[in-house]
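Residue-level structural notes
Below are the chains, spelled out letter by letter.
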Amino acid sequence: MSLLEIEGVSKSFGPVNVLHGVDLTVDRGEVVGLVGDNGAGKSTLMKLVTGMYTADAGAISLDGTPILGLPPGERRRMGIEMIYQDLALARQQDVAANIFLGREPTRSILGMRFVDRAAMKRDAQAMIDRLGARLPAINRPVGSFSGGQQQSVAIARALTFEPKIVIMDEPTAALAVREVQGVLDLIRQLKADGIGVILISHRLNDVLSVTDRIVVLNHGRAAANLTTTNTDMAEVVSAIVGGGDMAEAAAHEARG
Amino acid sequence: MTSIEPKSTAPKPSLWARAQLGSIEQLHIRLESLIVLFVLGATMAILSPFFLSVSNFMNILLATSTIGVLAIAATFVLSSGGLDLSLGSVLGLSGVVGAAVAVKLGAPTPIAVAACIGAGAAAGFVNGLIITRAFVPAFIVTLGMLGIARGLALVLSDGRVIYGLPQTMVYLGQGRPFGIPMPVIIFIATAIVTHILLAYTRYGRHTLAIGDNENAARTAGINVEWHRLSLYTLSGALAGLAGLLFATRINSGDPTAGITYELTAITAAIIGGTNLFGGRGSILGTMIGALIMGVLQNGLNLLAVQSYYQQMAIGSVLVLAVFIDQWQVRKESRV
Ligand SMILES: Nc1ncnc2c1ncn2[C@@H]1O[C@H](COP(=O)(O)OP(=O)(O)OP(=O)(O)O)[C@@H](O)[C@H]1O
Ligand SMILES: [Mg+2]
């Protein structure tokens, strides 16, 4: 049993069919790259996993437990974290509020529960330090940060609550070279800790360097499932653009 | 927890920077609104010899209490990115319901009070239900409720003021324990409780987060629809409480009570620093805003300015407050 199992998942937005029966699995400590053209359906597939969208058909399970019926909060509690492409930060709130959004630690005073801001600030600072992120100030609204700094906050939020699987949708899009290396190191660290990772990225060099497997999505279908050590840039590109003989061959290879 | 190696420590902000950020932010008050309140008070004191007196101060607080409770309702809804235009009408409806239950049904005071606040909560619940389940914009739903609640108040009362509330109920509006008017006590108690709710509980934090970025709140696992529904219900209940204060103060249920009060309430909230588009808001700030409105009205009364002009003044203040806010935002984001 894999950590995450996606089976025959389909999704359409009104008349637009975005996903046609996609299969995907991720094991513990496995890094899977999810690549494909703009609009291939990568983000949509991942939002079905986190519960932001509801699937039309298919099944998704985490540790063998079906999750499609569960609300997003419940899935998060089970250990599914995602760094969204659009970051999904509350721009007027500070770093701690964003990292702990939806899971604020509380302490009890006279039987009532109040948000423990001191603990939030302390733990947020610790997490930011661990990531080696450089933020101007932890008690500033994150909307005043640069794109890369905001990305650090989004990453910190995903890693603070002992996730089982971390989905990263273009986590390096806004980052400078040094920070990109930081994220790639981080992914290797997560892998070493037995956490499953799905990396969505258009930077194929990064994907090739850090993943164990690469799944190519093409017009809502899993067009290829490649073992990273047995593939190269040419094969991945050809699967992404689709139709070529190499893509067909690669798909056969993966099935056989 | 993952064992990520520490790499570098972000530079700590200087002590001065921390002190500066901490002091005002911790109180959730905008310095500007305090200055406005002070300048306004000083001006009124110069213009009218009656302004600076203990009894006038109590008058201001008394006049502020009804509007203040409504402004608290407006703060919750606005900071969540919503809007409640039905506040004044729901105030009127609640007062009529409370008075009718007490006078026409002869119910004991606690039941009449519960009916009053319950009527407001019910109207707010209907608002929230339509906004979150039928996806009609809050602007339209609460504008509709503005008409519906007012009409219902007139229907229930037959268009007439319901006089003769029981003495225990009137105490809530006219009693003066320790010389302090009951509405002022109820207003301040409400403000303290709601301040704690908004600033120090998960409910409050989530309210601001939803107003800031609804999608972020949703991805964080917050049930946005349920939260919004509860906020509109809370807003209605607070309008019901304001209706109770109003009705017990004038000792009657007036179906025309609270007309255009939403204007004053929303203005007070925005002057107090609530973001019109959500994500920011504090009850302490709103209290300052409500006091500014109270001082303004009181001062204009003392100067014998006709109430028609007062309406114009309040409307102008609202537009001016939003203008200044937007101007600052643009100034900050200018490169
Ligand atoms: N909420 C939505 N409503 C309607 N259509 C949508 C919605 N979200 C996505 N789509 C459509 O689904 C398709 C797949 O979008 P998706 O965002 O999953 O692509 P992607 O593979 O993540 O692309 P990119 O690499 O550009 O991020 C697109 O054609 C898009 O227009
Ligand atoms: Mg995408």
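A brief structural summary. Remember, it's a predicted structure, so these values are computed and weren't measured experimentally.

**Comments concerning the overall build of chain A**
When you go through chain A residue by residue, the secondary structure sums to nine helices and twelve strands. In summary, chain A has a C-alpha radius of gyration of 19 Å against a globular reference of 18 Å for 256 residues, a match within 12%. Counting only C-alpha atoms and orienting by the principal axes, one finds that chain A spans roughly 65 × 40 × 35 Å. Across the 256 residues that make up chain A, the buried fraction comes to 56%. Here the analysis covers contacts within chain A between residues at least 6 apart in sequence; of these, 64% occur between residues at least 24 apart. Per element, the accessible surface of chain A, about 10600 Å² overall, is 50% carbon and sulfur. Here chain A holds 26 positive side-chain charges and 29 negative ones, and the gap between their average locations is 10 Å.

**Describing the pattern of salt bridges**
Applying the stated criterion to the full structure yields 17 salt bridges over all chains. Close ionic contact of K164 of chain A with D63 of chain A constitutes a salt bridge, the shortest N to O distance being 3.2 Å. Placement of K164 of chain A in the loop between α5 (147-159) and β9 (165-169) and of D63 of chain A in the loop between β4 (57-62) and β5 (65-66) is noted, with a sequence separation of 101 residues between them. Residue classification places K164 of chain A among the partly exposed positions, given a relative accessible area of 38%. Across the pair R202 of chain B and E104 of chain A runs a salt bridge whose closest N-O atoms are separated by 3.1 Å. On the criterion of chain membership, the pair formed by R202 of chain B in helix α9 (residues 202-212) and E104 of chain A in the loop between α3 (95-99) and β7 (106-109) is interchain, its members lying in two chains. By relative accessible area, R202 of chain B is classed as partly exposed at 31%.

**A few points about the packing of aromatic side chains**
The final tally for this structure, using the stated rule, is three aromatic pairs over all chains. Plain terms: the ring middles of F100 of chain A and F161 of chain A are 5.7 Å apart, the flat faces sit at 85 degrees to each other, and that makes the pair edge-to-face. Of this pair, F100 of chain A sits in the loop between α3 and β7 while F161 of chain A sits in the loop between α5 and β9, and the two are 61 residues apart along the sequence. Residue F161 of chain A is classed as partly exposed on the basis of its relative accessible area, which comes to 27%. Their ring planes at 70 degrees and their centres at 6.0 Å tell us that F246 of chain B and Y261 of chain B sit as a pair that is edge-to-face. Linking F246 of chain B in helix α11 (residues 224-250) with Y261 of chain B in helix α12 (residues 261-271), this pair joins segments that are 15 residues apart in sequence. Given the relative accessible area of 22%, Y261 of chain B is considered partly exposed. Of note, R103 of chain A hangs over the ring of F161 of chain A, and the distance from its end group to the ring centre comes to 4.4 Å. The positively charged end of R249 of chain B is found above the aromatic ring belonging to F246 of chain B, 5.9 Å away from the centroid.

**Some points on the coordination of the magnesium ion (ligand 2)**
Residues and elements named next belong to chain A. Of the protein atoms, only S43 (OG) and Q85 (OE1) coordinate the magnesium ion (ligand 2), at distances of 1.9 to 2.3 Å. Here S43 is found in helix α1 (residues 42-50), whereas its partner Q85 is found in the loop between β6 (80-83) and α3, with 42 residues between them in sequence. Residue class for S43 comes out buried when judged on its relative accessible area of 19%. Accessibility expressed as a relative area gives 46% for Q85, which makes it partly exposed.

**Quick word on the sheet that holds strand β3 (residues 31-36) of chain A**
All names here are of chain A. Here we have six strands laid out as an open sheet, ordered β6-β9-β10-β3-β11-β12, and mixed in their pairing. At either end of the open sheet lies a strand with only one pairing partner, and these are β6 and β12 (221-227). Averaged over neighbouring strand pairs, the angle between their axes works out to 20 degrees when direction is ignored. As judged from the five bridges shared by β3 and strand β11 (residues 213-218), these two strands associate in the parallel manner.

**Here's the deal with α12 of chain B**
Residues and elements named next belong to chain B. Most of α12 sits inside the fold, with nine of its eleven residues counted as buried. Of all the positions in α12, only E262, T264, A265, I266, T267, A268, A269, I270 and I271 are classed as buried. Immediately beyond the C-terminal end of α12, within one or two residues, lies G273, with a positive phi of roughly 105 degrees.

**A few points about the sheet that holds β5 of chain A**
Residue and element names in this part refer to chain A. Taken together, four strands build an open sheet; the order of strands is β2-β1-β4-β5 and the sheet is antiparallel. Two strands lie at the open edges of the sheet, namely β2 (16-26) and β5, each paired on one side alone. When strand β1 (residues 4-13) meets β2, the two strands line up antiparallel, connected through seven bridges. Looking at the pairing, L4 lines up with V26 of β2. Here α1 sits on the sheet in contact with β1, β2 and β4, set at roughly 115 degrees to β1.

**A look at the site of ligand 1**
All names here are of chain A. By nearness alone, 13 residues border ligand 1, and N38, G39, K42, S43 and T44 come closest of all. In this structure, G39 approaches ligand 1 through a main-chain N or O atom, which is 2.8 Å from an oxygen atom. Interatomic distance of 3.2 Å between a backbone N/O atom of A40 and an oxygen atom of ligand 1. No other element matches α1, which puts three residues into the shell around ligand 1.

Conventions and cut-offs
- Residues numbered from 1 in each chain as written.
- Chains lettered and ligands numbered in written order.
- Predicted model: local features only at pLDDT ≥ 70, side-chain atom pairs only at ≥ 80, totals over all residues.
- Heavy atoms only, no water.
- Helix = DSSP H or I, 4+ residues; strand = E, 2+ residues; numbered from the N terminus.
- Rg over C-alpha atoms; globule rule 2.2 N^0.38 Å.
- Buried < 20%, exposed > 50% of the residue type's maximum accessible area, 1.4 Å probe, protein only.
- Contact = heavy atoms within 4.5 Å.
- Areas by Shrake-Rupley, 256 points an atom, 1.4 Å probe, with all protein chains shown as cover.
- Lys, Arg positive; Asp, Glu negative; His and termini not counted.
- Charge placed at Lys NZ, Arg CZ, Asp CG, Glu CD.
- Salt bridge = Lys/Arg side-chain N within 4 Å of Asp/Glu carboxyl O.
- Phe/Tyr/Trp six-rings, centres within 6.5 Å; stacked < 30°, edge-to-face > 60°.
- Lys NZ or Arg CZ within 6 Å of the ring centre and 35° of its normal.
- Donors = N, O, S within 2.8 Å, 3.2 Å for Na, K, Ca; no water.
- Pairing = 2+ DSSP bridges.
- Axes fitted to C-alpha atoms, helices over the stretch in contact; angles between N-to-C directions.
- Near = heavy atom within 4 Å.
- Polar contact = N/O pair within 3.5 Å; in protein donor to acceptor, adjacent residues only side chain to side chain.

By themselves, these are just geometric observations and shouldn't be taken as functional.
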